[in-house]
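Topology and contacts: notes
This is what each chain is made of:
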Amino acid sequence: MGERAAARASVEAMFREEYGRLLASLVHRFGDLDLAEEVASEAVEAALVHWPVDGVPDRPGAWLLTTARRKAVDRLRRDRAYAARLAVMQVEADRAVPAPPPEAGDDLPDERLRLFFTCAHPALPAEDRAALTLRCLAGLTTPEVARAFLVPTATMAQRIVRAKKKIRQARIPFRVPGADELPERLPGVLGVLYSVFTEGYAASSGPDLQRPDVAEEAIRLARILHRLLPAEREVTGLLALMLLVHARRDARTAPDGSPVLLDEQDRSRWDRPMVEEGLGLVPVALTGGPPGPYGVQAAIAALHDEAADAASTDWPQIVALYDVLLALTASPVVALNRAVAVAMRDGPRAGLALLDELADEPRLRGHHPYPMARADLLHRLGRHAEAADAYRQALDLAGTDAERTLLRRRLTQVTDQH
Amino acid sequence: MKYMLLIQTPPTSDPTTIESQCTVEDWITYDKSVRDAGILVDSHSLADLTTATTVRVDAAGERHITTDGPFAETREYLGGYYVIDVPDLDAALDWAARCPGARDGSVVVRPVSDEY
């Protein structure tokens, strides 16, 4: 890499942090995502030309915003029809939501919260919401977003164009929902961040078990959201959950790339500062009102992270938290995890009985952790032939090579004992 | 911004919806609130699907006239519509959610195109 390219890369990394803020301000000012993206990238290009010569300005964010605004005004001057259309939209938008008074002393107010809600709007297809959030708020390029979801760049580009077209043509507003709408709308935003995290934590397909860079983008976005909505306990809970789970990343993969499950992980390799940060957030997420699903999941992750090993883990407390979670979400995957926790508390026979009750659950069909959990318990009960069958079922369903490696190893163990 | 709210009525043969949840009074109240809000552009309810007639003209220019027959209402069908003028999609979705048709069946919200 040449000196110029190196300088460019470091400046671009800095822009990635500023990008969401810049874009959100421009969207708020001009009411149009396409125009905002266009002039935001033009401003970044201008900075790459001027800053190496003139030096980095005192307030880089304000410099970028001013430059981008000027370029937008130029653009609108050249294209009067476009300007007229935007002006009409702006007038109508102001009719819908009276403009808040400008914040004194802050020349670059943070408008990102609006953009979070627009990108995660329920009128957009679920698969588009995460893509748009990574594009607009994490500042990822379209090829980077495509890599995060393991789809071809052209497919992702189409998806982003489609989503932006719907925002423009159906006029999905750039606004923060009112306090009365927030309980309905916030879970959608959290769901987007969680889906990005999950894609990084447990890749749905491909050669690698986990992709830490994708999980870290989700954490970065959750931190931003947490700063913007510090009083929302489920935002705190989601950030805590991500930190407490991501802290185990180095211990989750064996040298051959296969997964190492919680009970076999070398806990000295967990990221202690990250665990501590997560533990500090859990009480905040769980106090001051009824618990939410992310707060409860964070509490479960915290009990694992605090324990020295699987045997000394507080399984009765974990089962109790799964009971709460099941009451909140009624998900068969939660029921599956609860059954595994019951097996740790009361023994494999009790866990297996609960798992067998889930046998006809359609949402667990095709979900490899179900036959795998059954296989592990059958193995512990010495029912090796049945365990081998269940491992084979799980092998057929597993999506990544890394998971298949682990399952093959376990299958060999039971067939040797058989 | 204009949006059309397409009121999708469930099939009348569906036993779960025979007892309609919404009364005529609900519709009158909703209609009045749309008018009072000053957002109404146009609105009609449509006659029974059994009265519908379909016309197609083939490549040779010949007319083909068909009708769905007496058992037409076995699937969701368009029962009526509103065209409203509101600032954005959130406002349109709010009005759609308040529509009695959203409880009995569903309401599809379509922006009216401003491109030609």
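Residues numbered from 1 in each chain as written. Chains lettered and ligands numbered in written order. Predicted model: local features only at pLDDT ≥ 70, side-chain atom pairs only at ≥ 80, totals over all residues. Heavy atoms only, no water.

**Structural notes on the overall build of chain A**
Each helix and strand in chain A was counted, giving 19 helices and zero strands. Referenced to the eigenvectors of the C-alpha coordinate spread, the extents of chain A come out at roughly 80 × 55 × 35 Å. Considering only residue pairs separated by 6 or more positions, chain A has 64% of its internal contacts joining residues 24 or more positions apart. Surface summary for chain A: the accessible area is close to 19,800 Å², and the carbon and sulfur share equals 54%. Positive and negative side-chain charges in chain A, numbering 53 and 59 respectively, have mean positions lying 5 Å apart. (Helix = DSSP H or I, 4+ residues; strand = E, 2+ residues; numbered from the N terminus. Contact = heavy atoms within 4.5 Å. Areas by Shrake-Rupley, 256 points an atom, 1.4 Å probe, with all protein chains shown as cover. Lys, Arg positive; Asp, Glu negative; His and termini not counted. Charge placed at Lys NZ, Arg CZ, Asp CG, Glu CD.)

**Quick notes on the packing of aromatic side chains**
Residues and elements named next belong to chain A. What the rule picks out here adds up to five aromatic pairs over all chains. With a centroid separation of 5.2 Å and an interplanar angle of 70°, the aromatic rings of Trp51 and Trp63 are classed as edge-to-face. Of the two residues, Trp51 is situated in helix H2 (residues 33-54) and Trp63 in helix H3 (residues 60-78); the sequence distance between them amounts to 12 residues. On the basis of relative accessibility, which here comes to 5%, the residue Trp51 falls in the buried class. For Trp63, a relative accessible area of 24% puts it in the partly exposed group. When the ring of Phe197 is compared with that of Tyr201, the centres are 6.1 Å apart and the planes differ by 10°; the resulting orientation is stacked. On the criterion of helical spacing, the pair formed by Phe197 and Tyr201 is a turn pair, its members being four residues apart in helix H9 (residues 182-201). (Phe/Tyr/Trp six-rings, centres within 6.5 Å; stacked < 30°, edge-to-face > 60°. Buried < 20%, exposed > 50% of the residue type's maximum accessible area, 1.4 Å probe, protein only.)

**Observations regarding the interface of chain B and chain A**
Between chain B and chain A, the contact holds 11 residues from the first and 13 residues from the second. Both faces combined, the contact of chain B with chain A buries some 1,100 Å², and carbon together with sulfur accounts for 49% of it. The tally of links between chain B and chain A comes to two salt bridges. The salt bridge involving Arg185 of chain A is made with Asp90 of chain B; its shortest N-O contact spans 3.8 Å. Linking chain B with chain A are four residue pairs in polar contact (both at pLDDT 80 or more), by the criterion used here. No other element matches helix H2 (residues 89-98) of chain B, which puts three residues into the side of chain B that touches chain A. Of the residues in the side of chain B that touches chain A, the class split is seven nonpolar, no polar and four charged. (Buried area = accessible area lost by both parts, 1.4 Å probe. Salt bridge = Lys/Arg side-chain N within 4 Å of Asp/Glu carboxyl O. Polar contact = N/O pair within 3.5 Å; in protein donor to acceptor, adjacent residues only side chain to side chain. Nonpolar A, V, L, I, M, F, W, Y, C, P; charged D, E, K, R; others polar.)

**Re the pattern of salt bridges**
For the coordinates displayed, the defined rule picks out 33 salt bridges over all chains. Between Asp305 of chain A and Arg248 of chain A there is a salt bridge; the shortest N-O distance is 2.8 Å. Here the residue Asp305 of chain A occupies a position in helix H13 (residues 293-306), and Arg248 of chain A occupies one in the loop between helix H11 (233-246) and helix H12 (272-286), the gap between them amounting to 57 residues. For the pair shown, Asp305 of chain A and Arg248 of chain A are each scored as buried. In this structure, the salt-bridge partner of Lys32 of chain B is Asp36 of chain B, at a minimum N-O distance of 2.7 Å. You can see Lys32 of chain B and its partner Asp36 of chain B sitting in helix H1 (residues 24-36), four residues apart, about one turn around the helix.

**As for the environment of Leu209 of chain A**
Examined against the element boundaries, Leu209 of chain A turns out to sit in the loop between H9 and helix H10 (212-228). Apart from the residues within four sequence positions on either side, Leu209 of chain A is in contact with Tyr201, Ala202, Ala203, Arg252, Thr253, Gly257, Pro259, Ala402 and Glu403 of chain A.

**As for H3 of chain A**
The first and last C-alpha atoms of H3 of chain A sit 27 Å apart over 19 residues, in line with the 27 Å expected at 1.5 Å per residue. Taken residue by residue, H3 of chain A has Gly61, Ala62, Leu64, Leu65, Thr67, Ala68, Ala72, Arg75 and Leu76 of chain A as its buried positions. (Expected span 1.5 Å × (residues − 1).)

**A closer look at helix H16 (residues 348-357) of chain A**
Residues and elements named next belong to chain A. Of all the positions in H16, only Pro348, Gly351, Leu352 and Leu355 are classed as buried. For H16, the angular spread of buried residues about the axis comes to 100°, placing them on one side. Among the exposed residues of H16, those oriented more than 90 degrees off its buried face are Arg349 and Glu357. Its buried side turned inward, H16 meets helix H15 (332-346) and helix H17 (369-380). (Arc of directions from axis to C-beta.)

**Overview of the state of the cysteines**
In a disulfide, the sulfur atoms of two cysteines are covalently bonded to one another. All names here are of chain A. Under the defined criterion, the tally for this structure stands at zero disulfides over all chains. For Cys119, which is in no disulfide, the shortest distance to another cysteine sulfur is to Cys136 and amounts to 4.3 Å. Given the relative accessible area of 0%, Cys119 is considered buried. (Disulfide = S-S within 2.5 Å.)

**Remarks on the confidence of the model for chain A**
Summing up the model confidence of chain A, the mean pLDDT is 89 and the portion of residues at 70 or higher is 92%. This model gives residues 99-107 of chain A a pLDDT under 50, and the stretch forms five contacts once residues within four places in sequence are excluded. (pLDDT = per-residue confidence, 0-100.)

**Digging into the side chain of Asp305 of chain A**
When its relative accessible area of 1% is taken as the criterion, Asp305 of chain A is described as buried. Of the polar contacts made by the side chain of Asp305 of chain A, one reaches the side chain of Arg248 of chain A; its length is 2.8 Å.

**Things to note about the domain arrangement of chain A**
Residues and elements named next belong to chain A. What the domain assignment lists for chain A is domain 1 (1-94), domain 2 (115-172 + 182-207) and domain 3 (356-418). With 13 residues of domain 1 in contact, the opposing surface of domain 2 contributes 12 residues. Summed over the three residues of domain 1 that lose the most area to domain 2, namely Arg16, Leu33 and Glu37, the buried surface amounts to 43% of that side. In this assembly, domain 1 and domain 2 are joined by four salt bridges. Among the ionic pairs, Lys164 bridges to Asp34, the shortest N-O distance being 3.4 Å. Among the elements that take part in the side of domain 1 that touches domain 2, helix H1 (residues 3-30) stands out by supplying six residues, more than any other. (Domains from an automatic or database assignment.)

**Some remarks on a nonpolar patch on the surface**
Residues Val55, Val57 and Ile65 of chain B make up a contiguous nonpolar surface patch of roughly 290 Å² in combined accessible area. By secondary structure assignment, the location of Val57 of chain B is in strand E3 (residues 54-57). (Patch = residues over 30% accessible without salt bridge, like charges linked within 9 Å, V, L, I, M, F, W, Y side chains within 5 Å.)

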